[in-house]
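Reading the structure
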Amino acid sequence: MGGLIWSLGLSPSAMADETGQSPLAKHTEESGASLDTTQQAMALPYLALSLSVDPKSKSIAGIARYTIRSDRQLTHVEFDLDPRFEVSAIELNDIALAPDLWGNDNGLLTIKLPHVLDAGDTAKVSIAYSGKPRIAPKAPWDGGFVWSETQDGSPWIATAVQTNGCDLFWPCIDHPTKRVEWLDFAVSVPAPLVVAANGTLQQVTEKDGWNTYRWQAHWPQSYGVSLQIGPYKLAEKTYRSRFGNSFPIKFWYLPGHKKGAEKLLGQMHDFLDFFEKTVGPYPFSDEKAGLAETPHLGMEHQTINAYGNGFRLAPEGYDWLMHHEFSHEWFANQLTDRTVADMWLHEGYGTYMQPLYLRWSKGETAYRAALWDSRKKIISRVPLAPKSAISSAYYNDEEAGWGGDIYYKGAWILHSLREYIGDEAFFAGTTKLVYGTSDPKPGQFRWQLADTEDFQHVMEEVTGLDLSWFVDAYFRHAALPELISEQDGQILRLRWKSGAKQPFILPVEVQIGNRIEQVTMTGGKGRIDLGSPDAHYIIDPNTKILRFDPDIAAWQKQEGAERARTGPESD
Ligand SMILES: [Zn+2]
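Here is what the cut-offs are and how they apply
Residues numbered from 1 in each chain as written. Predicted model: local features only at pLDDT ≥ 70, side-chain atom pairs only at ≥ 80, totals over all residues. Heavy atoms only, no water. Domains from an automatic or database assignment. Contact = heavy atoms within 4.5 Å. Buried area = accessible area lost by both parts, 1.4 Å probe. Salt bridge = Lys/Arg side-chain N within 4 Å of Asp/Glu carboxyl O. Polar contact = N/O pair within 3.5 Å; in protein donor to acceptor, adjacent residues only side chain to side chain. Helix = DSSP H or I, 4+ residues; strand = E, 2+ residues; numbered from the N terminus. Nonpolar A, V, L, I, M, F, W, Y, C, P; charged D, E, K, R; others polar. Disulfide = S-S within 2.5 Å. Buried < 20%, exposed > 50% of the residue type's maximum accessible area, 1.4 Å probe, protein only. Axes fitted to C-alpha atoms, helices over the stretch in contact; angles between N-to-C directions. Parallel < 35°, antiparallel > 145°, perpendicular 65-115°, else oblique. Left-handed = near helix turned anticlockwise from the far one by under 90°. Core = buried A, V, L, I, M, F, W, Y, C linked by side-chain atoms within 4.5 Å. UniProt positions renumbered as here; feature names shortened; annotations may be inferred. Phe/Tyr/Trp six-rings, centres within 6.5 Å; stacked < 30°, edge-to-face > 60°.

- Looking at an unreviewed UniProt entry, one finds the chain named M1 family peptidase, with Altericroceibacterium spongiae as its source organism.

Written as structure tokens, this is what we have:
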């Protein structure tokens, strides 16, 4: 999601569950928590997931037919599944298992195997389950199912599970490193409803008043697997890529929204051109670029982005939220964070793409204005990418403000790095990080996992520089580097202060009169001759560097005091 938590005054942790449903089990609530050795050893080459979705009873019934492969000897297998579902049958290699061989403890479904699986063995595991899925208290931040209706009373349903994970509606391994390689996703809904989902549509059949949509997706990101159900119409457009291939952009829109949908398809075309030029080939060109109107604001579901921005445009004339969500096809679905602590790779990069798009479409001023507007939202109370393991619960820490920092601080660090190393190295490093190769060609790369260290290494590789001081100060420490300046006659002395052990050595520009000079900060210190004791000078006149800003800190304090006095803004 993008930039919404702060800008709408919403804070997930403060959202009471008004739906009256039982709270989430501990294991279900967390997403991306450390895997135990059993789940670590399970690879998921195939899943046929069949679901029927009944809007009347707000319930689902499903069968997940997995092919799993064990990377070491296993006596049991484990899936994550919200325990509010009843598991009615489990089969191993088409033979029903006795019910005493499985149990769901607090969201971890453990299945004892009648015989051990050796390393390299594959097995078919089938899980039949049903029940009322968690209703999202506040989608997409606090997720689950959204059971809504269109204006004319037709069911309009969506899932959004980023915060708590895939186990809110299907048995999965809820961790960024555990994707299903091939997903066959068959979803049955009352006719004439339409199901828009991930990948490519293989078949639609109708039987006894129910429509079944069969979708197939390759390597879907686990929280990216989603359902969008409604009385959809389809608008589409062919995109001819600068890489020589072409693929469809498809938009499942609600009746009456044709004009808006076609306009947005035009924007998507432009967005694609920007991303392909800036980062590299659209990662899922063998499937589609897709979006579907949803009753919630938005989410980066792989090849089927949730769209709920109501065709509103930013003053710059583009749908910034759609742009943000679409950026996640590169930064979340193609490049996935290895741990939750590296979530800034999704959101920081995803957020940085909007100013970069403005730079590409409107020029430098639009870029800097958009970035500057987000500067005041950076809180920096906890490290952006802590080295210790954290789970998604930290993402919702309202007090720490971490949720906002992964967007804006992440974007500003990338801005500071780009200004330091230059466009050529920055974008070369970004492409290498996203695709695992410097020269990605459509269809010739696989999704990538990366963490903050990988980011450092790839940027070091393209620049030949040691960037450990940069990464350490910006990502591993909470406080922003602070630039201390002292004037002594006509000499201006500059000194970086950061929480990191190594000196922070980012060069600083100083404008003296009409000329701008760069001050080298060897060992974290530098000096410049101003030419005269009363020369007018500006430090970092183009705001190329993210650093502690006493004016913003004072403003944040003032606003905080104001909020405490008047109460939180309503959303
Ligand atoms: Zn986002």
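Text resumes after the structure shown.
**Some thoughts on the domain arrangement of the chain**
- Each assigned domain of the chain is listed with its residue range as follows: domain 1 (1–231), domain 2 (330–476) and domain 3 (482–545).
- Relative to domain 3, the C-alpha centre of domain 2 lies at a distance of 26 Å.
- Tallying the contact residues gives 14 residues for domain 2 and 13 residues for domain 3.
- Between domain 2 and domain 3 lies a buried interface of about 1,100 Å² when both sides are counted; carbon and sulfur atoms form 66% of it.
- Across the contact surface, domain 2 and domain 3 share 0 salt bridges.
- The tally of links between domain 2 and domain 3 comes to 3 residue pairs in polar contact (both at pLDDT 80 or more).
- Going through the elements one at a time, helix 8 (364–375), helix 9 (402–421) and helix 12 (468–476) are the ones with two or more residues in the side of domain 2 that touches domain 3.
- No other element matches the 6 residues that helix 12 contributes to the side of domain 2 that touches domain 3.
- Per-class residue counts for the side of domain 2 that touches domain 3 are 7 nonpolar, 3 polar and 4 charged.

**Examining the state of the cysteines**
- Applying the stated rule across the entire model yields 1 disulfide.
- Residue pairing for Cys166: its cysteine sulfur links by disulfide to Cys172, the two sulfurs lying 2.2 Å apart. Residues Cys166 and Cys172 are joined through a disulfide that is right-handed, its torsion about the S-S bond being 90°. Cys172 matches Cys166 in its accessibility class, with the two residues each being buried.

**Concerning the environment of Leu467**
- Its place among the elements puts Leu467 in the loop between helix 11 (452–463) and helix 12.
- Sequence separation between Leu467 and Phe504 is 37 residues, and the spatial gap between their C-alpha atoms is 9.9 Å.
- Sequence-distant contacts of Leu467, defined by excluding residues within four places in its chain, comprise Leu417, Tyr420, Gln456, Met459 and Glu460.

**Some details on the packing of helix 7 (residues 344–361) against helix 10 (residues 423–435)**
- Relative orientation of the contacting elements helix 7 and helix 10 amounts to 135°, with a least axis distance of 14 Å. Viewed along their axes, helix 7 and helix 10 adopt a mutual orientation that is oblique. At the point where helix 7 passes helix 10, the crossing takes the left-handed sense. Within the contact between the two elements, helix 7 uses Leu345, Tyr349, Tyr352, Leu356 and Arg359 and helix 10 uses Asp423, Phe426, Phe427, Thr430 and Leu433.

**Remarks on the nonpolar core**
- Phe326, Trp330, Trp344, Tyr349 and Phe455 are the most contacted members of the largest nonpolar core, which has 88 residues in total.
- Looking at this core element by element, the count peaks at 9 residues for helix 9.
- Counting the residues that make up this core, at least three belong to each of domain 2 (330–476) and domain 3 (482–545).
- With residues up to four places along the chain from it excluded, the contact list for Phe326 reads Met268, Phe271, Leu272, Phe275, Tyr282, Ala289 and Asn305.
- Residues Ile90, Leu227, Met299 and Ala306 belong to the second largest nonpolar core, which totals 66 residues.

**Quick word on the pattern of salt bridges**
- With the rule as written, the count across this model stands at 22 salt bridges.
- The partner of Lys124 in a salt bridge is Asp94, with the nearest N and O atoms 3.1 Å apart. With Lys124 in strand 8 (residues 122–131) and Asp94 in the loop between strand 4 (86–92) and strand 5 (95–96), this pair connects stretches of sequence that are 30 residues apart.
- Take Asp94: its relative accessible area is 54%, and that puts it in the exposed class.

**Structural notes on the UniProt feature "domain: Aminopeptidase N-like N-terminal" (unreviewed entry) in the chain**
- In this numbering, the UniProt entry assigns the feature "domain: Aminopeptidase N-like N-terminal" (unreviewed entry) to residues 48–220.
- Regarding residues 48–220, the helix share stands at 0% and the strand share at 59%, and the terminal C-alpha atoms are separated by 13 Å.

**So, the packing of aromatic side chains**
- Enumeration according to the criterion identifies 44 aromatic pairs in this entry.
- Here the aromatic rings of Phe251 and Phe311 are separated by 6.2 Å at their centres, their planes lie at 45°, and the arrangement is tilted. One end of the pair, Phe251, is in strand 17 (residues 246–253); the other, Phe311, is in the loop between strand 20 (305–307) and helix 5 (320–327), with 60 residues separating them in the sequence.
- Classification of Phe311 by relative accessible area gives partly exposed; the value is 25%.
- Taken together, a centroid distance of 5.6 Å and an interplanar angle of 65° make the contact between Tyr282 and Trp330 edge-to-face. With a gap of 48 residues between them, Tyr282 in the loop between helix 4 (258–278) and strand 18 (289–293) and Trp330 in helix 6 (residues 329–334) connect regions that are remote in the sequence.

**Let's talk about unusual backbone geometry**
- Cis geometry is found at the peptide bond from Ala139 to Pro140, where omega equals 0°.
- Looking at the secondary structure, you find Pro140 in the loop between strand 8 and strand 9 (144–149).
- Ala191 connects to Pro192 through a cis peptide bond whose omega is 5°.
- Locating Pro192 in the fold gives a position in the loop between strand 11 (180–190) and strand 12 (194–196).

**What about the UniProt feature "binding site: Zn(2+)" (unreviewed entry) in the chain?**
- Under the local residue numbering, the UniProt record ascribes the feature "binding site: Zn(2+)" (unreviewed entry) to His324, His328 and Glu347. Annotated residues spanning 24 residues; largest pairwise C-alpha distance 8.8 Å, indicating a single compact cluster.
- With respect to the helices, strands and loops of the structure, His324 is situated in helix 5.
- By the secondary structure assignment, His328 is in the loop between helix 5 and helix 6.

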